[in-house]
4 protein chains.
Amino acid sequence: MKLISAQEVEKHNKKEDCWVIIHGKVYDLTAFLPEHPGGQNVILKQAGKDATAAFDQIHPRDIIDQYLSPEVCLGSVDPATVVQTVKVETEEEKLRRKVNEKKPSLIEMLNAYDFEAVASQVLTAEAWAYYSSGSDDEITLRENQNAFHRIWLRPRVMIDVTNVDMSTKLLGYDSSFPVYISATALGKLGHPEGEVVLTRAANTQKIVQMLPTLASCSLGEMTNARGKDQIQFFQLYVNRDRAVTERVVRSAEEKGCKALFITVDAPQLGKREKDMRVKFIADPPDIQDEKSVRRNLGAAYAISAFIDTALNWNDLEWFKSITSMPILLKGIQTAEDAVLAARHGCAGIVVSNHGGRQLDFGRSGIEILPEVVHALKNAGYEGKLEIYVDGGVRRGSDIFKAIALGAKAVGIGRPSLYAMSAYGQPGVERLLQLLKDELEMTMRLAGAKSLADIRPEMVDIRNLHDHVFTPKNYLMSNVYDRLTPRKAKL
Amino acid sequence: MKLISAQEVEKHNKKEDCWVIIHGKVYDLTAFLPEHPGGQNVILKQAGKDATAAFDQIHPRDIIDQYLSPEVCLGSVDPATVVQTVKVETEEEKLRRKVNEKKPSLIEMLNAYDFEAVASQVLTAEAWAYYSSGSDDEITLRENQNAFHRIWLRPRVMIDVTNVDMSTKLLGYDSSFPVYISATALGKLGHPEGEVVLTRAANTQKIVQMLPTLASCSLGEMTNARGKDQIQFFQLYVNRDRAVTERVVRSAEEKGCKALFITVDAPQLGKREKDMRVKFIADPPDIQDEKSVRRNLGAAYAISAFIDTALNWNDLEWFKSITSMPILLKGIQTAEDAVLAARHGCAGIVVSNHGGRQLDFGRSGIEILPEVVHALKNAGYEGKLEIYVDGGVRRGSDIFKAIALGAKAVGIGRPSLYAMSAYGQPGVERLLQLLKDELEMTMRLAGAKSLADIRPEMVDIRNLHDHVFTPKNYLMSNVYDRLTPRKAKL
Amino acid sequence: MKLISAQEVEKHNKKEDCWVIIHGKVYDLTAFLPEHPGGQNVILKQAGKDATAAFDQIHPRDIIDQYLSPEVCLGSVDPATVVQTVKVETEEEKLRRKVNEKKPSLIEMLNAYDFEAVASQVLTAEAWAYYSSGSDDEITLRENQNAFHRIWLRPRVMIDVTNVDMSTKLLGYDSSFPVYISATALGKLGHPEGEVVLTRAANTQKIVQMLPTLASCSLGEMTNARGKDQIQFFQLYVNRDRAVTERVVRSAEEKGCKALFITVDAPQLGKREKDMRVKFIADPPDIQDEKSVRRNLGAAYAISAFIDTALNWNDLEWFKSITSMPILLKGIQTAEDAVLAARHGCAGIVVSNHGGRQLDFGRSGIEILPEVVHALKNAGYEGKLEIYVDGGVRRGSDIFKAIALGAKAVGIGRPSLYAMSAYGQPGVERLLQLLKDELEMTMRLAGAKSLADIRPEMVDIRNLHDHVFTPKNYLMSNVYDRLTPRKAKL
Amino acid sequence: MKLISAQEVEKHNKKEDCWVIIHGKVYDLTAFLPEHPGGQNVILKQAGKDATAAFDQIHPRDIIDQYLSPEVCLGSVDPATVVQTVKVETEEEKLRRKVNEKKPSLIEMLNAYDFEAVASQVLTAEAWAYYSSGSDDEITLRENQNAFHRIWLRPRVMIDVTNVDMSTKLLGYDSSFPVYISATALGKLGHPEGEVVLTRAANTQKIVQMLPTLASCSLGEMTNARGKDQIQFFQLYVNRDRAVTERVVRSAEEKGCKALFITVDAPQLGKREKDMRVKFIADPPDIQDEKSVRRNLGAAYAISAFIDTALNWNDLEWFKSITSMPILLKGIQTAEDAVLAARHGCAGIVVSNHGGRQLDFGRSGIEILPEVVHALKNAGYEGKLEIYVDGGVRRGSDIFKAIALGAKAVGIGRPSLYAMSAYGQPGVERLLQLLKDELEMTMRLAGAKSLADIRPEMVDIRNLHDHVFTPKNYLMSNVYDRLTPRKAKL
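Please read these numbers as outputs of a predicted model, since none were measured by experiment.

1. Details of the interface of chain D and chain B
Part 1: Opposite the 20 residues of chain D that make contact, chain B presents 20 residues.
Part 2: Overall, the association of chain D and chain B removes approximately 1,600 Å² of surface from exposure, summing both partners, and the carbon and sulfur fraction of that is 64%.
Part 3: There are two salt bridges connecting chain D and chain B.
Part 4: Residue Arg486 of chain D pairs with Glu108 of chain B through a salt bridge whose shortest N-O separation is 2.9 Å.
Part 5: At the boundary of chain D with chain B, the tally comes to six residue pairs in polar contact (both at pLDDT 80 or more).
Part 6: Residue assignment for the side of chain D that touches chain B shows that the elements contributing at least two residues are α5 (91–102) and α6 (112–122) of chain D.

In structure tokens:
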């Protein structure tokens with residue numbers, strides 16, 4: 001491969017002539033610029049420079065080979081010509097370093113919120129915004145947790161609960177307790193190794209991991225990290241280009257994924273304003289260029305432009321034709337669609353609003369769950385497909401509530417990202433252990449010796465549908481000018 | 001026209017002898033003083049001086065010709081005698097200038113609240129108080145937004161939503177999406193050009209503008225600013241003097257307005273205490289003069305004294321006799337009155353509480369909407385008249401909810417004033433674009449390809465009528481003295 | 001009368017020998033000490049001194065003649081022997097003086113809350129505690145206002161509301177609007193002239209005043225202050241000593257009171273802890289003396305020890321035998337008792353919880369009103385007795401709501417005390433005028449031309465009985481230790 | 001007994017060789033270390049030292065004799081060899097000493113919250129955490145009080161309430177009012193004399209005390225402290241070792257306890273994170289030792305490891321065979337279990353969630369009460385067994401509400417601990433007197449002359465089951481990042 005000097009690369013530093021170095025190779029991205037899903041500016045900031053660090057935070061390593069033609073690679077950068085720059089620590093980096101030095105020891109983490117608190121300190125502003133944000137006023141984001149708070153427990157006593165069995169089977173595969181790690185994007189924003197950290201923790205804790213389409217590790221990296229007997233499912237964003245979709249699905253099956261979860265709640269990504277605002281600070285858009293403005297919408301937008309808006313029920317036959325994995329739909333939010341999924345032969349559904357990141361004012365999964373269970377039963381599908389739920393699970397008692405209402409298992413998204421970001425694999429393992437301990441305690445105190453003992457009458461859901469105390473709209477309350485009575489000013 | 005020296009004008013600076021200069025002309029307002037709707041003090045502060053700036057903020061330019069007899073104009077001020085005073089910047093003006101320099105760029109405005117936040121900084125205290133205030137304890141003002149928060153969405157998935165069509169027809173006229181700019185008074189408090197700024201933005205965004213009776217631009221200025229194919233409706237406050245009313249209505253029709261929206265919720269203007277308090281600070285009333293005290297009630301009172309308190313259902317026949325424009329009633333708040341409007345042959349209604357500025361504890365338009373739709377259907381008027389709603393719309397999802405509940409379109413009042421005040425015409429255009437984008441996203445994520453696809457079952461309104469979490473009464477909580485337990489004071 | 005030197009009085013300054021000077025006369029209170037309803041300490045602090053100022057704040061002038069035998073008066077103090085002490089202004093007095101200098105002008109008072117805010121500044125700590133306090137956790141105190149907030153309005157439009165008539169008749173007597181000044185104790189804590197200030201304001205505003213048993217003015221002072229055609233009712237605390245009760249009732253009738261309102265909700269006075277705490281600060285009790293401790297329970301306790309706990313339905317016949325005034329019961333809180341009142345021939349009732357000063361968690365009058373109206377109708381008493389309501393009225397719209405639900409009029413207690421304390425008679429007059437203006441506005445905006453037009457369907461009371469958002473228990477929240485997540489401490 | 005020098009003891013200061021001095025005796029705890037319910041670290045910190053102070057705070061004096069074999073006692077420490085160490089006051093101790101000096105006088109304590117406020121100041125961090133904490137998010141902890149706030153009163157008037165009789169009989173034994181002191185653990189954390197302080201106060205106030213299994217006084221100390229005619233019940237945690245259980249139960253009966261309350265809601269102790277966090281600060285666990293980590297879970301865990309998780313309905317026959325005391329179950333939380341308790345011949349139940357310390361999101365006792373009463377009546381057990389309730393009682397009106405809903409009496413736990421910690425026996429007596437006074441006032445104001453007069457229709461429980469305003473999750477709200485609108489930064 002041809003050797004190119006770093007000084008030569010530096011000359012190609014503009015829109016009309018744009019080279020970058022990634023992992024030691026030199027690429028001419030001039031033609032690719034307008035097609036970059038993340039917008040031109042992100043690349044232009046790296047024009048003429050080594051873009052490896054920025055690239056790695058977002059992209060799996062094999063993405064260049066998959067999406068760019070070989071001829072854009074001009075050769076290798078000549079190592080002898082590379083000037084090592086001394087990196088000066090910024091104020092933000094200094095703060096984060098101090099946090100890392102002073103963060104509590106792992107055993108002091110007592111619950112899922114503790115991990116979130118530490119993660120908010122150790123993550124970069126961009127990563128925190130991407131992980132933590134919800135859409136619009138973040139009403140649904142918070143409602144996901146609030147809805148669990150409207151469910152109360154009816155514990156039974158005087159039952160021998162010496163042995164509590166939390167194990168279950170998901171699509172026939174063993175799980176140590178009814179929790180799986182749900183698919184979340186851009187793991188390397190939180191940890192340099194990305195999603196494989198979650199893979200390893202899921203393995204030791206003996207639970208299923210759902211692999212994300214938008215991982216920052218490649219699919220191969222994630223499946224290679226899989227332990228013996230470990231089970232992985234695959235989450236799919238359907239690409240407009242069905243050839244790409246087919247390639248991805250076949251690849252997942254070949255690499256040993258056991259089920260296909262098609263995301264159906266994201267024909268367009270939601271409006272996550274925290275994410276967008278951070279983007280504006282880090283990377284001021286080119287005001288002259290309206291297109292660039294519209295694209296510069298945060299990490300979420302950058303990675304999602306390829307998603308197929310035309311996906312519909314008729315497509316399910318085609319999916320069945322390209323894979324033998326069971327097909328499940330992730331993002332069902334009504335009884336009607338649950339029944340349709342059953343009619344179209346799906347193996348299951350995930351009742352979910354995408355962690356409050358898509359349609360604001362969508363109801364929480366846990367609220368929708370009883371409606372879905374009831375409708376499926378009425379339509380004759382009881383026990384015919386598996387029902388999962390995600391969104392807002394933070395305590396073992398939340399898992400208990402979901403099981404009582406008919407869920408097979410619950411998905412955990414943000415909590416595992418936060419635990420990973422704060423403490424790596426041991427963090428995720430401790431998080432899962434805490435949830436396990438909490439579920440065990442809840443079952444013991446409620447008189448349930450196995451998941452089958454967790455019955456609907458153990459939860460009081462009279463207020464589950466009562467949305468009279470909506471999460472506060474902080475934008476609205478911030479702009480409201482409060483009345484004050486007139487009195488003497490002293 | 002006779003030339004009068006500024007020094008001569010200065011001598012006539014008291015109640016019994018009061019001249020002012022407006023746009024270079026000298027007026028003797030001594031006789032008019034007690035009849036000025038805004039009270040004597042406002043004029044007396046300008047006695048003997050050039051009142052142009054103060055006049056322009058409130059009044060359309062043609063108002064003097066309309067309401068005063070020609071003989072009060074004594075002549076023109078002699079330009080040679082006018083001493084240019086060097087205006088010293090006040091602290092408030094300095095602050096506002098700085099805000100204008102440092103306000104975010106327009107593309108950083110991501111939602112309607114952002115515009116309100118910037119407007120609260122750039123507006124004068126008087127303008128902010130007039131625009132933002134509601135009546136009494138501002139319960140209804142805030143309930144208008146809260147009510148939308150009690151409506152949740154039931155999105156459908158697996159529908160091809162590549163193309164989303166938001167267009168509609170209002171009274172037969174095209175609108176790019178189901179939003180119109182509602183009538184609001186005193187636009188020049190927010191922008192030196194006043195309501196024509198809204199006209200121009202409505203034109204580029206292809207939506208209807210409803211022209212206000214109490215505009216600070218003249219009717220002619222607003223209709224002249226109209227674009228090709230642009231549609232304008234006219235909002236009417238009925239004047240006690242029906243000859244004036246007839247002149248205004250005929251003029252609106254002649255100048256091309258396509259519909260007449262008669263405001264029916266304001267026989268008396270509401271008690272807007274923020275507005276009144278600012279007035280007291282800016283313009284301490286003459287304590288000796290009880291009448292002046294009662295009149296000195298803020299901008300709202302100043303402009304409304306002419307409104308006809310006797311307006312009633314029998315008047316509708318007369319309105320039909322003087323105009324061929326379709327007649328709609330703005331401010332309907334019960335099913336009963338909606339049916340009466342239908343019986344009296346109205347072409348439509350606006351379900352509205354006047355932006356929370358009239359009767360406090362009036363319910364929100366969005367809450368009343370289902371009751372009105374139901375009653376009209378029961379009375380056989382389904383589809384016979386168009387139903388609009390306004391109050392509290394801040395997000396695309398709010399528009400979606402209104403359409404789902406049977407509205408033809410929603411009116412936007414304060415948000416467009418705030419956007420105009422903060423960024424002029426581009427601000428209003430961006431606001432409308434953001435709402436359009438949000439509505440499109442909501443429709444796409446809810447599985448609605450056109451407005452007709454937005455069906456009632458897509459919204460969950462079980463809690464819409466639950467007023468158990470009323471907006472906080474800040475006056476009450478401010479005067480309440482909280483209990484504290486007794487403990488050691490260290 | 002015998003002259004006694006001040007120096008002689010000074011020697012009698014202990015429990016066993018206790019003289020005081022009141023209005024120039026010398027009294028030997030040694031024997032009376034243990035019987036003083038307000039406890040011994042209050043008197044002992046004045047032993048040997050001139051107690052006039054302390055006496056006047058609590059007692060009507062004629063109380064000594066009524067309750068003490070003539071021989072305790074030993075003579076007059078010799079004026080020549082009285083040393084004028086230079087009173088040094090305390091910090092608290094200095095602050096209150098400044099407040100009085102800087103308080104807003106009366107016309108800046110825009111609502112009832114403004115008066116309360118100024119009153120909280122101008123009143124002594126003792127007076128503020130006595131006036132503002134409620135019982136226990138002050139839940140009912142605040143619920144009284146909150147309950148009105150759960151009632152929403154259904155205004156009608158297109159009605160000629162040029163003339164709005166608010167006048168009514170209470171027990172056959174004219175009232176300019178459906179409000180009366182309710183009985184409240186210890187007026188001189190707020191204003192040196194006491195309750196006659198309210199008498200005069202009620203007169204100019206043409207409304208009824210209800211005279212309190214526990215006034216700091218004598219009954220004669222209050223009836224003498226009555227204007228021509230002015231109407232006064234009399235509120236009665238029944239004394240254990242029925243001879244006293246009879247004397248008081250006959251006196252009220254003789255002095256021209258037109259109705260007797262017997263308080264039935266106070267066999268024991270409520271536990272008003274703010275009042276009790278202030279007492280502890282101002283007047284530390286004698287720890288040795290348990291009886292003194294129990295008595296030292298604030299102003300409320302001090303004045304109420306005489307109230308008859310045995311009062312019951314059988315007593316009504318006796319009351320009818322001693323007066324020809326119509327008899328009404330003040331403090332009815334259930335439908336059952338309303339019907340009993342009707343059966344026992346009462347002319348009316350006041351639905352009331354005593355301003356939240358008696359039984360905490362008693363429901364608000366406005367909530368009880370529909371239950372009472374319904375029960376009376378069912379029992380055949382519709383229109384047979386007049387129903388009043390008090391508690392929490394702060395806005396004209398509150399009055400409107402009470403009328404819509406069947407009240408004849410509403411009583412105003414604390415607001416008039418606050419207005420009187422802050423601005424004297426003109427304050428009370430302005431308060432009443434504001435309420436009148438607000439009621440007029442509410443009626444006009446709701447389409448009601450007279451009180452008879454205010455119909456039940458104009459109010460939406462679906463949530464009136466929903467107590468799910470109870471006033472915050474500040475004691476409870478103050479002692480609760482909030483959980484915080486563990487994170488790095490920097 | 002052999003004399004051992006303190007210097008000799010000091011040498012045995014490690015895991016493999018661990019001696020401690022307790023009350024002058026020397027124990028070799030090497031073999032016992034891994035079996036200590038409170039974990040090894042607590043003991044190891046004292047290895048080679050005098051552990052008396054630490055021991056006394058947690059343990060009753062006779063526990064060593066009960067649980068350790070005699071041979072671990074090696075002899076007595078030689079007093080001549082003991083070096084008196086000068087104790088230096090820590091900052092925390094200094095603060096607590098100051099609080100004790102400046103705390104309000106007892107008569108200034110006006111309600112239960114006042115005692116809690118003072119207790120939060122005088123207790124050590126460990127004691128405060130142990131007493132005040134609840135499980136998980138402390139939702140149920142606070143709901144216990146909130147639920148009472150959703151019950152409103154319907155007082156009757158015009159009843160002779162001169163004499164109010166609050167006395168009742170619990171299981172046939174006299175009680176001055178319907179309150180008993182419930183069993184709580186570790187009294188010496190709050191007061192050096194421990195639970196006997198409560199015994200003495202209960203005696204003077206003529207109420208029943210329920211003695212705790214986990215007392216820091218020995219059972220004999222508590223029963224010996226009993227007054228003439230005083231009644232004590234016994235609360236039992238069932239030990240895995242039924243021989244121990246039998247010994248304890250027989251001992252309680254022999255020592256004169258009149259009833260056996262078996263705790264059924266604690267097969268595992270709840271997760272009380274405040275308690276756990278304090279433990280981490282005071283006593284950092286050995287990170288190498290995972291077992292030690294799991295054990296180091298706060299005071300609650302330390303004392304509870306022996307509790308039998310296998311306890312079930314079949315065990316009741318055995319209990320009846322070993323005691324003639326009536327058997328009651330403490331911790332019933334459903335109608336179903338109440339009926340089962342009746343069927344199994346229990347003499348009564350305590351409707352309770354263990355003070356919010358066990359299953360978070362368990363409903364409050366007061367909410368469960370009507371469901372239980374209704375079910376027992378339907379099953380034919382009305383009046384057949386006594387129903388008690390505890391959790392959240394802070395006011396006399398709370399007691400009134402419980403009686404109205406069918407409780408025989410209410411248990412008081414934390415409030416008596418707080419009163420004891422702050423002021424010792426007089427504190428507990430005053431607390432009980434205040435509750436008595438409040439109940440008397442509530443009864444008088446509600447028209448109830450005896451407990452039998454407190455009828456269900458006197459309480460309005462329409463909202464009792466409405467959990468729409470859940471106690472705030474402070475962990476969740478702490479980690480949530482609030483949205484703010486974009487505006488100019490000045």
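Continuing now.
2. Description of a nonpolar patch on the surface
Part 1: Together, Phe469 of chain A, Phe469 of chain B, Phe469 of chain C together with Phe469 of chain D make up a nonpolar patch on the protein surface, roughly 310 Å² of accessible area in all.
Part 2: For Phe469 of chain C, the position within the fold is in the loop between β17 (459–460) and α20 (474–479).
Part 3: The class of Phe469 of chain C is partly exposed, set by a relative accessible area of 33%.

3. Description of the relation of the copies chain D and chain B
Part 1: With an RMSD of 0.1 Å, the operation that places chain D on chain B is a rotation of 180° combined with a shift of 0.1 Å along the axis. Put plainly, the chains are arranged around a two-fold axis. Among all C-alpha atoms of chain D, that of Phe469 of chain D lies closest to the rotation axis, at 4.6 Å.
Part 2: A symmetric contact is evident, with 100% of the interface residues of chain D recurring at the interface of chain B.

4. What to know about the side chain of Thr140 of chain A
Part 1: Residue placement: Thr140 of chain A occurs in helix α8 (residues 139–149).
Part 2: Judged by its relative accessible area of 0%, Thr140 of chain A falls in the buried class.
Part 3: From its side chain, Thr140 of chain A meets the backbone nitrogen of Phe361 of chain A in a polar contact 2.7 Å long.
Part 4: In contact with Thr140 of chain A, not counting residues within four places along its chain, are Asn353, Gly356, Leu359, Asp360, Phe361 and Gly362 of chain A together with Trp152 of chain B.

5. Here's the deal with the side chain of Ser133 of chain C
Residue and element names in this part refer to chain C.
Part 1: Take Ser133: it is sitting in the loop between α7 (125–132) and α8 (139–149).
Part 2: In this structure the side chain of Ser133 is engaged in a polar contact, spanning 2.8 Å, whose partner is the backbone oxygen of Ala129.
Part 3: In this view, Ser133 contacts Trp128, Glu138, Leu141, Arg272, Lys274, Asp275, Arg357 and Arg414; residues no more than four positions away in its chain are not counted.

6. Details of the relation of the copies chain B and chain A
Part 1: Of the transformation placing chain B onto chain A, the axial shift is 0.1 Å and the rotation is 90°, giving an RMSD of 0.1 Å. Such a turn and shift between the copies fits a four-fold axis. Relative to the rotation axis, the C-alpha of Phe469 of chain B is the closest in chain B, positioned 4.6 Å from it.
Part 2: Interface overlap between copies: only 15% of the residues of chain B at the interface are likewise at the interface in chain A, consistent with a contact formed by different surfaces.

7. Some words on the pairing of strand β11 (residues 232–236) of chain A
All names here are of chain A.
Part 1: The buried fraction of β11 is high, at five of five residues.
Part 2: Burial along β11 is two-sided: the face carrying Gln232, Phe234 and Leu236 and the face carrying Phe233 and Gln235 are both buried.
Part 3: Relative to β11, strand β10 (residues 209–211) runs parallel, the two being bridged by three bridges. Bridging from a neighbouring strand, Met210 pairs with Phe233 of β11.
Part 4: With helix α10 (residues 219–224) bridging β10 and its parallel neighbour β11, the resulting β-α-β unit is right-handed.
Part 5: Direction of pairing for β11 relative to strand β12 (residues 260–263): parallel, over a ladder of three bridges. The partner of Phe234 across the bridge, within β12, is Leu260.
Part 6: The parallel pair β11 and β12 is bridged by helix α11 (residues 242–254), and the resulting crossover is right-handed.

8. Here's the deal with the interface of chain B and chain A
Part 1: Taken residue by residue, the interface counts 55 residues in chain B and 61 residues in chain A.
Part 2: With both chains or domains summed, chain B and chain A bury close to 5,400 Å², and 62% of this area falls on carbon and sulfur atoms.
Part 3: Counting the contacts that link chain B with chain A gives seven salt bridges.
Part 4: A salt bridge links Glu438 of chain B to Lys271 of chain A; its shortest N-O distance comes to 2.5 Å.
Part 5: Going through the elements one at a time, α6 (112–122), α8 (139–149), β6 (152–153), α12 (273–282), α18 (396–404), α19 (414–446) and α20 (474–479) of chain B are the ones with two or more residues in the side of chain B that touches chain A.
Part 6: Sorting elements by how many residues they give to the side of chain B that touches chain A places α19 of chain B first, with nine residues.
Part 7: Taken together, the residues of the side of chain B that touches chain A sort by class into 23 nonpolar, 10 polar and 22 charged.

9. Details of the sheet that holds strand β4 (residues 25–28) of chain C
Part 1: With respect to topology, five strands assemble into an open sheet ordered β1-β5-β4-β3-β2 (chain C), the strand pairing being mixed. The sheet is open, and its two borders are formed by β1 (3–4) and β2 (13–14) of chain C, each paired with just one other strand.

10. A short note on the sheet that holds strand β2 (residues 13–14) of chain B
Part 1: The sheet built from five strands is open, its strands ordered β1-β5-β4-β3-β2 (chain B) with mixed pairing. Two strands in the sheet have a free side with no partner beyond their single neighbour: β1 (3–4) and β2 of chain B.

11. Considerations on the state of the cysteines
Should the sulfur atoms of two cysteines be covalently bonded, the bond is a disulfide.
Residue and element names in this part refer to chain D.
Part 1: Per the stated rule, a full pass over the model turns up zero disulfides over all chains.
Part 2: As a non-bridged cysteine, Cys18 has Cys73 as the owner of its nearest cysteine sulfur, 14 Å distant.
Part 3: For the unlinked cysteine Cys217, the closest cysteine sulfur is that of Cys257, found at 14 Å.

12. A word on the pattern of salt bridges
Part 1: Counted according to the given criterion, the structure contains 118 salt bridges over all chains.
Part 2: Between Arg395 of chain B and Glu273 of chain A there is a salt bridge, with the nearest N and O atoms lying 2.7 Å from each other. On the criterion of chain membership, the pair formed by Arg395 of chain B in the loop between β15 (386–390) and α18 and Glu273 of chain A in helix α12 (residues 273–282) is interchain, its members lying in two chains. Residues Arg395 of chain B and Glu273 of chain A agree in their burial class; the two are buried.
Part 3: In this structure, the salt-bridge partner of Asp315 of chain C is Arg242 of chain C, at a minimum N-O distance of 3.2 Å.

Conventions used here
- What you see as residue numbers is a count from 1 along each chain, following the sequence as written.
- Here the convention is simple: chains get letters from A, ligands get numbers from 1, in the order in which they are written.
- In view of the model being predicted, local features appear only for residues whose pLDDT reaches at least 70, and side-chain atom pairs are presented and counted only at 80 or more, with totals across whole chains, interfaces and linings using the full set of residues.
- Side-chain numbers here rest on the full set of heavy atoms in the structure, without hydrogens or water.
- By definition in these notes, contact holds between two residues if any of their heavy atoms fall within 4.5 Å.
- Here the quantity called buried area is the accessible surface, traced with a 1.4 Å probe, that two parts lose on coming together, added over both.
- Salt-bridge detection follows one rule: a side-chain nitrogen of Lys or Arg within 4 Å of a carboxyl oxygen of Asp or Glu.
- Polar contacts, as counted here, are pairs of nitrogen or oxygen atoms within 3.5 Å of one another; within protein the pair requires one atom able to donate a hydrogen and one able to accept it, and residues that are adjacent in sequence qualify only if both atoms are side-chain atoms.
- The helix count covers DSSP runs of H or I at least four residues long, the strand count covers runs of E at least two residues long, and both are numbered beginning at the N terminus.
- Residues forming no salt bridge and having over 30% relative accessible area are the ones grouped into patches, like charges within 9 Å of each other and nonpolar side chains (Val, Leu, Ile, Met, Phe, Trp, Tyr) within 5 Å.
- All accessibility values rest on the Shrake-Rupley procedure with a 1.4 Å probe; residue burial counts only the protein chains present in the view.
- Each residue is assigned to one of three classes by its accessible area relative to the maximum for its type, calculated with a 1.4 Å probe on protein chains only: buried under 20%, partly exposed between the two thresholds, exposed over 50%.
- Our superposition of the copies is a least-squares fit, built on the C-alpha atoms of residues whose pLDDT is at least 70 in both.
- The pairing criterion is simple: DSSP has to find at least two bridges between the two strands.
- Handedness rule for crossovers: strands pointing away from the viewer, path from the first strand over the helix to the second running clockwise, crossover right-handed.
- Residues are grouped as follows: Ala, Val, Leu, Ile, Met, Phe, Trp, Tyr, Cys and Pro are nonpolar; Asp, Glu, Lys and Arg are charged; all remaining types, including Gly, are polar.
- Put simply, a disulfide is two cysteine sulfurs that come within 2.5 Å.

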